[in-house]
Structure formats: structure tokens, C-alpha cells
Amino acid sequence: MQWGGNEHMDKKKAQSALESVLYRVRKTNHELGGKFPYWADSNTGKWNTTEDGNWCAGHWITLLWLTAEYTDNIEEKAKLQVAAREYTHKMKQSMDKFKTSLFAGLNFNMAGFQGYDFSGDRELFGLGFTGADIVMNLYNEHSQQIASGIYVIEGPQHELTGDVSGKGWGWVTSGYETSAVDSAHAAIPVLLRAYKESGNLKFRDTALSHLEIYLKRFIRDDGSTRQLVQFDPVTGKVIQEYKNLSSNVNGCWARGFGWCVSGLSEVWNNIPADRFLFALESLAGYYTKNSNEDLVPCWDMSLKAESGEPRDTSCAVLVAYGLLKLEGDNDRIKKLRALGESILDSLVDGYLVSEEDEKRGMLLHGCYSRPKQYAVDNELIWSAYYLAFALDACLKK
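Residues numbered from 1 in each chain as written. Predicted model: local features only at pLDDT ≥ 70, side-chain atom pairs only at ≥ 80, totals over all residues. Heavy atoms only, no water.

**A look at the sheet that holds strand β5 (residues 178-180)**
Two modes of strand pairing occur in sheets, parallel and antiparallel, and in both the strands are linked by backbone hydrogen bonds.
Item 1. Spatially, β5-β6-β7 is the arrangement adopted by the three strands of the open sheet, whose pairing is antiparallel. Both edges of this open sheet fall to β5 and β7 (238-242), since each of them pairs with a single strand only. Pairs of neighbouring strands in the sheet enclose a mean axial angle of 25 degrees, with direction left out of account.
Item 2. With three bridges connecting them, β5 and strand β6 (residues 228-231) associate as antiparallel partners. Directly across from Thr178, in β6, lies its bridge partner Gln230. (Pairing = 2+ DSSP bridges. Helix = DSSP H or I, 4+ residues; strand = E, 2+ residues; numbered from the N terminus. Axes fitted to C-alpha atoms, helices over the stretch in contact; angles between N-to-C directions.)

Structure representation (C-alpha cells):
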């Protein structure tokens with residue numbers, strides 16, 4: 001399968017798709033009574049919820065800010081803005097849970113720095129820096145890696161950090177001795193934003209140090225990605241590789257691959273060094289070779305559609321989002337953005353519910369955790385975020 005080309009998503013289609021996604025956001029905000037959406041049943045549209053947003057609170061909060069921006073009715077706009085602030089307050093009440101996890105970087109970048117971009121609220125600006133400081137504390141200078149840290153994930157327990165009890169799912173003994181493929185998206189953007197705002201070189205230098213090892217350790221020669229690597233915290237040497245969310249140790253966890261693409265696109269936009277563009281091209285080549293005909297891969301990208309395994313639209317939308325956000329006008333960038341548009345076009349045509357019914361705005365066929373048999377064919381809140389912002393990017397370019 002060739003990638004790139006000159007395809008451009010029709011803006012009327014993008015506008016209509018975004019209206020459907022934002023309709024879903026407004027409806028969800030009205031129905032949930034202050035609880036955070038997590039994943040939804042594909043047949044009924046009913047959300048499974050959490051009290052504090054768990055690891056993906058920032059996705060929902062920033063979706064509310066974006067929806068408010070696209071809302072003309074003054075009263076409705078104000079309600080959405082108030083909801084975004086209230087959900088941010090709830091997330092901050094779980095601050096102790098975030099202090100040991102790179103998810104602070106992910107969530108506080110979104111609810112903090114992005115929330116500030118929408119609102120101008122300096123308190124949210126400060127929250128972004130809190131996320132950057134927590135990520136800095138997770139950096140291990142011996143391994144030159146930002147550790148995953150410890151965080152108990154709602155649903156498939158120990159998804160990222162491994163099973164510290166020895167009785168559940170996962171092998172890794174300590175999150176402070178592991179680094180993950182999703183660190184490119186969860187940890188690096190908040191550091192780069194903190195550097196941009198403060199000029200403090202410690203944020204940029206830590207990001208670059210991590211990325212120097214990350215490119216070698218997590219992106220294989222064929223463009224696929226590894227999920228988890230355990231390192232010795234004293235010597236920094238690699239102990240072994242793990243695969244809690246892929247089909248085997250040589251597999252390629254699709255959502256993690258998407259995190260890698262979206263994270264490296266943000267890196268390129270801040271530090272346009274050729275090694276980052278080369279990595280993105282390698283990832284794009286693997287994606288097109290290992291996706292299905294509609295450019296939506298299975299949950300593990302080493303698997304094909306004929307395997308009967310679930311597809312994962314959350315991977316596809318992460319890749320589309322990352323590629324569409326790339327900045328620059330050279331032919332290599334244009335080719336990558338064209339692939340992003342092709343993926344987004346396929347998602348809108350084949351996976352987004354656009355009909356005027358109760359499920360309008362749902363992005364179907366997201367796979368949270370196939371190994372744990374948890375939400376394997378569902379709507380996922382983080383997918384809604386990346387879909388909305390990918391469509392927003394199409395409309396604003």
C-alpha cells in the first residue's frame with residue numbers, strides 16, 4: 001500500500017463530522033452529572049464512567065473547551081466553560097495519584113496548558129508547569145529515560161506499570177524501572193511547552209536526552225514500536241522488554257504506536273531536526289504496510305483483518321491527529337499530512353456515527369485492551385478528543 005499523495009478532506013465533510021462529535025460532547029455533558037466519560041457501549045451509547053477521569057481526564061476537559069469555542073449560544077457556551085473548570089477541579093483533587101506518574105504530563109498539559117490557551121486562566125497555566133515538574137522528577141539520568149511511574153488504571157489493572165503484587169496481569173516489578181512507548185506523547189510535549197514558556201533549558205534538555213534513547217529503543221528497524229522496556233535504575237542498562245498490550249513480545253501494540261506518532265509530530269513542530277522527520281516517515285511506512293485496506297489497523301499491527309481480531313480506531317485517529325498537526329511546507333511533510341487526511345477521511349466515512357440518532361458522534365470500534373478482554377469494541381473518550389482536534393486542524397489550515 002502506497003502512502004502520501006494529494007488527497008484533501010472536503011471541508012464541508014470535516015465541518016459536518018466535527019458537528020457530530022461536538023453534539024456527542026454536549027449530550028454527554030448533559031447526561032453524566034459530573035462523572036467523567038471513559039468508554040461507551042457501541043450498541044447503546046451508554047458511558048462507563050469514572051469519578052476523577054483516571055488516566056485520561058484531560059481529554060474530556062479539553063473537549064469541553066473546544067466544544068465551547070464552537071458554540072454560538074452564549075448560555076450554552078458558558079455552561080461548557082463552567083463544566084471544563086469543574087472537571088478540572090475534580091481532576092486536581094486526585095493530584096496525589098498523579099505525582100508518581102507520567103500521566104501528569106499528559107493530563108496537565110491538556111487541562112493545564114491547553115486549558116489556558118482556551119481560557120487565559122493563569123491558574124491553568126501553572127497546572128501545566130506542575131505536570132512538567134512531575135515528569136522531570138521521573139527522569140532517570142542513568143538510563144536517560146523518563147520512567148512510567150506508578151498509577152492504578154481503572155479497568156485492566158497495572159496496564160502500564162506492571163503487576164507489583166505478583167498476582168495480576170503484567171510482569172514489570174516497578175514503574176520507576178520501566179519506560180513506555182507512550183512517553184513520547186505523555187511526557188515530552190509538556191516539557192517542550194514548559195521550555196517554550198519559560199526558556200528554562202532543563203525542560204528541553206531532558207526531553208532531548210529521553211528522545212535520544214527513545215528513538216533507538218522504541219522504534220524498530222521496520223518502523224514498528226516496542227511497548228515497555230525495563231532498565232536498571234543504577235546502570236541504565238536494559239534488562240528486558242515487555243508486551244502487556246501486544247499479542248507477543250515482537251508484536252506492535254497499535255495504540256502505543258499511535259502515541260509514538262502523535263508525540264513525535266509535536267517534537268518535530270518544536271525541534272525540526274531531520275532525525276525526528278525520518279522517524280515519522282519510518283512509522284508512516286510501517287503503518288500503511290500493516291494497516292487494513294481502509295487504513296484502520298487491528299489492535300496489534302502485526303495482525304491482519306483476516307485474523308478476525310478487533311480493529312482499533314483509537315490508533316488510527318492518533319496517527320491522523322499527529323500527522324495532520326505537522327508544521328512545514330516541504331514535500332516530505334506534505335506527504336505525511338496527506339496520509340493523515342486519508343486516515344481521517346476513512347474514519348469519518350466508515351466509523352463515525354453521523355446519523356441523527358442517540359449514537360450520533362460516536363467513533364466506533366476502538367479497542368482498549370484485547371489481552372485483558374476489556375472494552376475491545378467500543379467508543380473511547382480519548383479517541384473523541386483526537387478526532388475532534390484532527391477535524392479542527394483540517395478546518396483551520
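**Let's talk about helix α9 (residues 201-218)**
Item 1. With 18 residues, α9 extends 25 Å from end C-alpha to end C-alpha; this agrees with the ideal 26 Å at 1.5 Å per step.
Item 2. Along α9, the residues that are buried comprise Phe203, Thr206, Ala207, Ser209, His210, Leu211, Ile213, Tyr214, Leu215, Arg217 and Phe218.
Item 3. For α9, the N-terminal capping position is held by Asn200, with its side-chain oxygen 3.0 Å away from the main-chain nitrogen of Lys202. (Expected span 1.5 Å × (residues − 1). Buried < 20%, exposed > 50% of the residue type's maximum accessible area, 1.4 Å probe, protein only. Polar contact = N/O pair within 3.5 Å; in protein donor to acceptor, adjacent residues only side chain to side chain.)

**Brief notes about the confidence of the model for the protein**
Item 1. With 93% of its residues at a pLDDT of at least 70, the protein reaches an overall mean of 92.
Item 2. For the stretch residues 158-173, pLDDT sits under 50, and the model shows 52 contacts to residues farther than four places along the chain or on other chains. (pLDDT = per-residue confidence, 0-100. Contact = heavy atoms within 4.5 Å.)

**Things to note about helix α6 (residues 122-137)**
Item 1. In this model α6 runs 23 Å from its N-terminal to its C-terminal C-alpha over 16 residues, within 8% of the 22 Å that 1.5 Å per residue would give.
Item 2. Those residues of α6 not exposed but buried are Leu124, Phe125, Leu127, Gly128, Phe129, Gly131, Ala132, Ile134, Val135 and Met136.
Item 3. By the N-cap criterion, in which a side-chain oxygen at the helix start approaches the backbone nitrogen of a residue two or three places on, α6 is capped by Asp121, the distance to Glu123 being 2.8 Å.

**Some thoughts on the packing of helix α1 (residues 11-32) against helix α2 (residues 57-69)**
Item 1. Relative orientation of the contacting elements α1 and α2 amounts to 115 degrees, with a least axis distance of 10 Å. Taken together, the axes of α1 and α2 lie roughly perpendicular to each other. In the crossing of α1 with α2, the sense of the turn from one axis to the other is left-handed. Contacts from Leu22, Val25, Arg26, Thr28 and Asn29 in α1 reach Trp60, Leu63, Leu64 and Thr67 in α2.
Item 2. Each residue belonging to the contact of α1 with α2 can be placed in one class, and the counts come to five nonpolar, three polar and one charged. (Parallel < 35°, antiparallel > 145°, perpendicular 65-115°, else oblique. Left-handed = near helix turned anticlockwise from the far one by under 90°. Nonpolar A, V, L, I, M, F, W, Y, C, P; charged D, E, K, R; others polar.)

**A look at the side chain of Ser209**
Item 1. Structurally, Ser209 is set in helix α9.
Item 2. The contact partners of Ser209, leaving out residues within four places of it in the chain, are Tyr139 and Gln144.

**Things to note about the sheet that holds strand β1 (residues 36-40)**
Item 1. Read from one edge of the open sheet, three strands run β2-β1-β8, paired in antiparallel fashion. At either end of the open sheet lies a strand with only one pairing partner, and these are β2 (47-50) and β8 (379-380).
Item 2. Summarising the sheet, β1 and β2 pair through four bridges and their orientation is antiparallel. The residue bridging Pro37 from the neighbouring strand is Thr49, located in β2.

**Regarding the pattern of salt bridges**
Proximity of charged atoms lets side chains of opposite charge pair with each other.
Item 1. Taken as a whole and judged by the stated rule, the model has 24 salt bridges.
Item 2. Ionic pairing is found between Asp205 and Arg204, a salt bridge with its closest N-O pair at 2.9 Å.
Item 3. Relative accessible area serves as the criterion here: at 37%, Asp205 is assigned to the partly exposed category.
Item 4. Exposure remark for Arg204: the relative accessible area of 28% places this residue in the partly exposed category.
Item 5. Salt bridges linked by common partners bring Lys13, Asp345 and Asp349 together as one network. (Salt bridge = Lys/Arg side-chain N within 4 Å of Asp/Glu carboxyl O.)

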